[in-house]
Amino acid sequence: MADDSDAGVLSAAVTASLGARIQTLSMARQRESLPIFRHRREILYLIETTPVVVLIGHTGSGKTTQLPQYLHEAGWTTDGLAVACTQPRRMAATSVAARVANEIGCALGQDVGYSIRFEDMTSDRTRIKYMTDGMLVREILVDPLLSRYSVIMIDEAHERSLYTDILLGVLKRILRKRPDLRVVVSSATLQAEAFRDFFGGDTKIISIEGRTHPVDVQYTSVPVENYFETAVQTVFDIHTREGPGDVLVFLTGMDEINRMAEEIADRATTLRPGMDRVAVLPLYAGLPADEQARVFEPAEEGTRKVVLATNVAETSVTIDGIVFVVDCGLVKLRTYEPVSGLEALAVVPVSRASAAQRAGRAGRTQPGKCFRLYTRETMGGLADATVPEVQRSNLVGVVLQLKALGIDNVARFDFVSSPPAELVIKALELLYMLGALDDYARLTDPVGLRMAELPLDAQTAKSLLAAPDFGCLDQMLTIAAMVSVESVFYTPHDDRRNADAERLKFAVDEGDHLTLYNVYQAFVGRGNQSAKWAHNHYLNYKALERAASVRRQLVRYMDRMGVRQSSTLATATAVAKCLAAAHFSNAARMQPDGSFLLVADGSTVWVHPSSMMFNRKADWVIFSELVQTGDKVYMMDITKVERDWLVEAAPGYYTVRRT
């Protein structure tokens, strides 16, 4: 019996070993099948001999997952050094890191890890580190020469995010002092020569073909009046008339995605018996990680997966099984009006480069089809590429970070594309009024230095630092954490009435910020941080857990800075005054018809239906951001304030506006 038992153990061990070897061989074959594998030696040679390499990696080439592994295998991570790969989006950084950790065969956070705002999944042994470009900028504050990295890969650089452009400029400076450092700029064809010219010298360009199949692109014959309805109809036309394969629909934002998910789910109930089911899955930046993961899982037998996504699905993130793409031709981009000094999310037409990226998603695994909900003539009139963020955004955060990096003359900073002077001037003005800059436009000590150190937007950072003056640091720590995560409210399409009723239980007259504070207090108090409690109250448990983690980190920042809280709990008025002290430029006054006039430029805005201030009266309010939907501009994250608080917070700002 003993012999039989030992044989059984041996057999199990052998079986497990064989299984592991088969899996390793299978993974190796997958890696070798990627187009980049054929260029492995050439790329490694260029990186060895050239400080900067611009890599044109087409869709499906494998550049993001494979190149850091090649560098690791070639010895670039010895002697405690690491390879960094930046991404414009958090979702890409986390999902790619998980994929590469799986390929290497390690737990995430060991040899392979990621770092995004308020979440660090790395360790001392991490040698391949994926991160958002903003996180690498923050590392430069601590390590100006990025001495722990041998190679920096700036992935998806053609997207030209704010922090990608800062990184490129700072890396150009670092290379002068670190000739041993290597920089790889991954880009689409359109931008490659601009990056080569920017770095100059003997910068090399290498192009890697993608692994794509033919895509049949179809246009509408006439302009579409209602792209939302047309997109829904197109999904069902595909489902009833086309062959197998999943569908990817590009939309503009979370609200639109959730509305369409409801519409498709409702109509799917009318499909004739025997037809495949439809599984609708959303994909956007604020989606909880477990729901994001569902998108990448294969559809069940007899089910067609329909993914409703924002432009996060254009690049980096690859969803296997997509054969059909529906492109609404629009995208929600951050825009900035320097005259008013206000930033908003606006829906605008995509660029031709983005349209091409979207269509390419249909040809990853087999020939596919892309249905563009606009005419061929409209396509011809689109811009070649999206305007870089640095030329259309509020630069307050950029200027603050550059100042913290020791770059005092921001106007002379070497940008790939220089921002308009008025954007820089506006940023300097607001930072001065927030107390972050002195009369010589240098960072103030301690306010400016602390604002730059906090991983928050400038106005939220200012409200947190001002909180002790109002005796409300405890509340502001919670509010800052809650506005830094995705929405904590969850509204299922089939139970909206109960979800709305639960939300009202947390509502306060003062507005959204204190409502979020109430939600958090209930979660950690009555709810005991329970997932079941959150579910019963229609709250996003993952978002609340993340908010709790963010709050703990912010407490550590405050402790390190020596910022202390008073023992008494502040009133709601004190919290509102504190918010007004930082958001004074985002103020509006109510009109008789329920709309609001912005103090900044007198334009009309409305309260977003998701706000607790919807259909409530308030003479004056401050808000966190503006969102444009259709013809209306909506305020988000609103708190009721008094006019005198605004004048007291920024007398210079309001004096200027009155003259």
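Okay, so let's go over this structure. In this text, all values refer to a predicted model and were calculated from it rather than measured experimentally. Each chain carries its own residue numbering, running from 1 in the direction its sequence is written. Since the coordinates come from a predicted model, pLDDT governs what is reported: local features require at least 70, and pairs of side-chain atoms require 80 or more to be given and counted, while whole-chain, interface and lining totals use all residues. With hydrogens and water excluded, all non-hydrogen atoms of the structure serve as input to the side-chain values.

Considering the overall build of the protein
Part 1 of the argument: Scanning the protein for helices and strands turns up 24 helices and 21 strands.
Part 2 of the argument: At 26 Å, the protein has a C-alpha radius of gyration in line with the 26 Å of a compact globule built from 659 residues.
Part 3 of the argument: Taking the principal axes of its C-alpha atoms as reference, the protein extends roughly 80 × 70 × 65 Å.
Part 4 of the argument: Each residue is assigned to one of three classes by its accessible area relative to the maximum for its type, calculated with a 1.4 Å probe on protein chains only: buried under 20%, partly exposed between the two thresholds, exposed over 50%. Split into buried and exposed, the 659 residues of the protein put 53% on the buried side. Only DSSP runs of H or I reaching four residues or more are called helices, and only runs of E reaching two or more are called strands; each is numbered from the N terminus. As defined in this context, the radius of gyration uses C-alpha atoms, and a globule is described by 2.2 Å times the residue total to the power 0.38.

Digging into the nonpolar core
Where a protein is soluble and globular, its nonpolar side chains tend to be buried together.
Part 1 of the argument: Counting 130 residues, the largest nonpolar core has Leu454, Leu554 and Met635 as its most contacted members.
Part 2 of the argument: Here this core takes nine residues from helix H21 (residues 541-561), the largest share from any one element.
Part 3 of the argument: Every residue pair with non-hydrogen atoms within 4.5 Å of one another is taken to be in contact. Not counting residues within four places of it along the chain, the set of residues in contact with Met635 comprises Ala588, Phe596, Val605, Trp606, Val607, His608, Val621, Phe623, Glu625 and Leu626.
Part 4 of the argument: If you look at the next biggest cluster of nonpolar residues, it comprises 30 residues, including Ile36, Cys85, Ala101 and Val112. We call a set of buried residues a nonpolar core when its members are Ala, Val, Leu, Ile, Met, Phe, Trp, Tyr or Cys and they connect through side-chain atoms within 4.5 Å of each other.

Description of the sheet that holds strand E16 (residues 368-372)
Part 1 of the argument: Two strands pair if DSSP finds at least two bridges between them. Sheet architecture is open: six strands sit in the order E9-E16-E13-E10-E12-E11, paired in parallel fashion. Strand pairing shows two members of the sheet lacking a second neighbour, strand E9 (215-219) and strand E11 (277-283), which therefore form its edges. Neighbour-to-neighbour, the strand axes of this sheet turn through a mean angle of 20°, independent of strand direction.
Part 2 of the argument: Bridge count between strand E10 (residues 246-250) and strand E13 (residues 322-327): five bridges; the pairing is parallel. Within E13, the residue paired with Val249 across the bridge is Val326.
Part 3 of the argument: Against the sheet, helix H8 (residues 227-241) contacts E10, E11, strand E12 (303-309), E13 and E16, and its axis sits at roughly 155° relative to E13. Only the contacting stretch of a helix is used when fitting its axis, a line to C-alpha atoms as for every element, and angles between N-to-C directions run 0 to 180 degrees.

Considering the layout of surface pockets
Part 1 of the argument: Method remark: on a 1 Å grid restricted to protein atoms, a set of points is classed as a cavity if a 1.4 Å probe fits but cannot get out and as a pocket if it is open with protein on both sides within 12 Å along at least five of seven lines; lining residues have an atom within 4 Å of a point. Grid points are joined across faces, edges and corners, and a volume is the space filled by probe spheres set on the points. A volume near 560 Å³ is recorded for the second largest pocket.
Part 2 of the argument: Along the walls of the second largest pocket sit 20 residues, with Met135, Arg138, Glu139, Val142 and Tyr557 positioned nearest its centre.
Part 3 of the argument: Put simply, the parts of the chain that give the lining of the second largest pocket at least two residues each are strand E3 (112-116), strand E4 (119-121), helix H5 (133-142) and H21.
Part 4 of the argument: Side-chain classes follow a simple rule in which Ala, Val, Leu, Ile, Met, Phe, Trp, Tyr, Cys and Pro form the nonpolar group, Asp, Glu, Lys and Arg form the charged group, and the remainder, Gly included, forms the polar group. A class-by-class count of the residues in the lining of the second largest pocket yields seven nonpolar, three polar and 10 charged.

Details of the sheet that holds strand E5 (residues 128-132)
Part 1 of the argument: Reading across from one edge, E4-E3-E5-E2-E6-E7-E1-E8 is the order of the eight strands in this open sheet, with mixed pairing throughout. Edge positions in the sheet fall to E4 and strand E8 (204-208), since each has one partner strand and no second. Taking each pair of neighbouring strands and ignoring which way they run, the sheet shows an average axis angle of 20°.
Part 2 of the argument: Across five bridges, the pairing between strand E1 (residues 52-57) and strand E7 (residues 182-187) is parallel. Each bridged residue has a counterpart across the sheet, and for Val53 the counterpart in E7 is Val184.
Part 3 of the argument: Packing of helix H2 (residues 40-49) onto the sheet brings it into contact with E1, E7 and E8, and relative to E8 it is tilted by some 165°.
Part 4 of the argument: Strand contacts of helix H3 (residues 63-73): E1, strand E2 (82-87), E5, strand E6 (149-154) and E7, with the helix running at about 140° to E5, the strand carrying the most contacts.

Re the environment of Ser393
Part 1 of the argument: Within the fold, Ser393 resides in the loop between helix H12 (376-380) and helix H13 (396-404).
Part 2 of the argument: By relative accessible area, Ser393 is classed as buried at 0%.
Part 3 of the argument: Beyond its immediate stretch of four places on either side in the chain, Ser393 contacts Leu162, Arg334, Tyr336, Glu343 and Leu423.
Part 4 of the argument: For Ser393, the side chain forms a polar contact with the main-chain oxygen of Glu389, separated by 2.8 Å. Here a polar contact is taken to be a pair of N or O atoms separated by no more than 3.5 Å, where protein atoms must pair a possible hydrogen donor with a possible acceptor and residues adjacent in sequence count only if both atoms sit in side chains.

Notes on helix H17 (residues 473-483)
Part 1 of the argument: Within H17, nine of the 11 residues are buried, leaving the element largely enclosed by the surrounding structure.
Part 2 of the argument: Leu473, Gln475, Met476, Leu477, Thr478, Ile479, Ala480, Ala481 and Met482 are the residues of H17 that are buried.
Part 3 of the argument: Here the buried face of H17 lies against helix H16 (458-470), helix H19 (512-524), H21 and helix H22 (572-582).

Remarks on unusual backbone geometry
Part 1 of the argument: Following Asp445, the chain continues to Pro446 via a peptide bond in cis, the omega torsion being 15°.
Part 2 of the argument: Relative to the helices and strands, Pro446 resides in the loop between helix H14 (421-433) and helix H15 (447-453).
Part 3 of the argument: You will see that Asp79, though not glycine, has its phi angle at about 55°, which is positive.
Part 4 of the argument: Relative to the helices and strands, Asp79 is located in the loop between H3 and E2.
Part 5 of the argument: Since its relative accessible area comes to 77%, Asp79 is described here as exposed.
Part 6 of the argument: A positive phi angle is found at Tyr538, which is not glycine, with a value near 55°.
Part 7 of the argument: With respect to the element layout, Tyr538 can be found in the loop between helix H20 (531-536) and H21.
Part 8 of the argument: On the accessibility criterion, Tyr538 (15% relative accessible area) is buried.

Let's talk about the packing of aromatic side chains
Part 1 of the argument: Two rings from Phe, Tyr or Trp (for Trp, the six-membered ring) form a pair when their centres sit within 6.5 Å of each other. Planes less than 30 degrees apart are called stacked, planes more than 60 degrees apart edge-to-face, and all others tilted. One pass over the full model with this rule turns up seven aromatic pairs.
Part 2 of the argument: Where Phe413 meets Phe415, the ring centres are 4.8 Å apart and the plane angle is 80°; that geometry is what we call edge-to-face.
Part 3 of the argument: With a centroid separation of 6.4 Å and an interplanar angle of 70°, the aromatic rings of Phe506 and Trp533 are classed as edge-to-face. With Phe506 in the loop between helix H18 (496-504) and H19 and Trp533 in helix H20, this residue pair connects regions lying 27 residues apart in the sequence.
Part 4 of the argument: Exposure remark for Phe506: the relative accessible area of 4% places this residue in the buried category.
Part 5 of the argument: Three or more aromatic residues link up through ring pairs in this structure, and these residues are Phe506, Phe523, Trp533 and Tyr541.
Part 6 of the argument: Sitting over the face of the ring of Trp606, Lys632 holds its NZ or CZ atom 4.0 Å from the ring centroid. Whether a charge sits over a ring comes down to the Lys NZ or Arg CZ being within 6 Å of the ring centre and within 35 degrees of the ring normal.

Considering H16
Note that an α-helix has 3.6 residues per turn; residues three or four places apart therefore point the same way.
Part 1 of the argument: The end-to-end C-alpha separation of H16 is 18 Å, in line with the 18 Å expected for 13 residues at 1.5 Å each.
Part 2 of the argument: Taken across its 13 residues, H16 has 10 buried, putting it largely inside the fold.
Part 3 of the argument: Those residues of H16 that sit buried are Ala458, Gln459, Thr460, Ala461, Lys462, Ser463, Leu464, Leu465, Ala466 and Ala467.
Part 4 of the argument: On its buried side, H16 packs onto H13, H14, H15, H17, H21 and H22.
Part 5 of the argument: Two or three places before Gln459, at the opening of H16, Asp457 has a side-chain oxygen 3.2 Å from that residue's backbone nitrogen.
Part 6 of the argument: Following H16 by one or two positions, Gly471 has its phi on the positive side, about 70°. For a helix, the expected span equals 1.5 Å multiplied by the residue count minus one.

So, the packing of H19 against H21
Part 1 of the argument: Orientation of H19 relative to H21, taken along the N-to-C sense of each, is 95°, at an axis distance of 11 Å. As far as their axial angle goes, H21 and H19 are roughly perpendicular. On H21, the residues touching Val519, Tyr520 and Phe523 of H19 are Tyr541, Leu544, Glu545, Ala547, Ala548 and Arg551.
Part 2 of the argument: Residues belonging to the contact of H19 with H21 are distributed by class as follows: seven nonpolar, no polar and two charged. In what follows, roughly perpendicular refers to angles from 65 to 115 degrees, roughly parallel to angles under 35, roughly antiparallel to angles over 145, and oblique to any angle outside these ranges.

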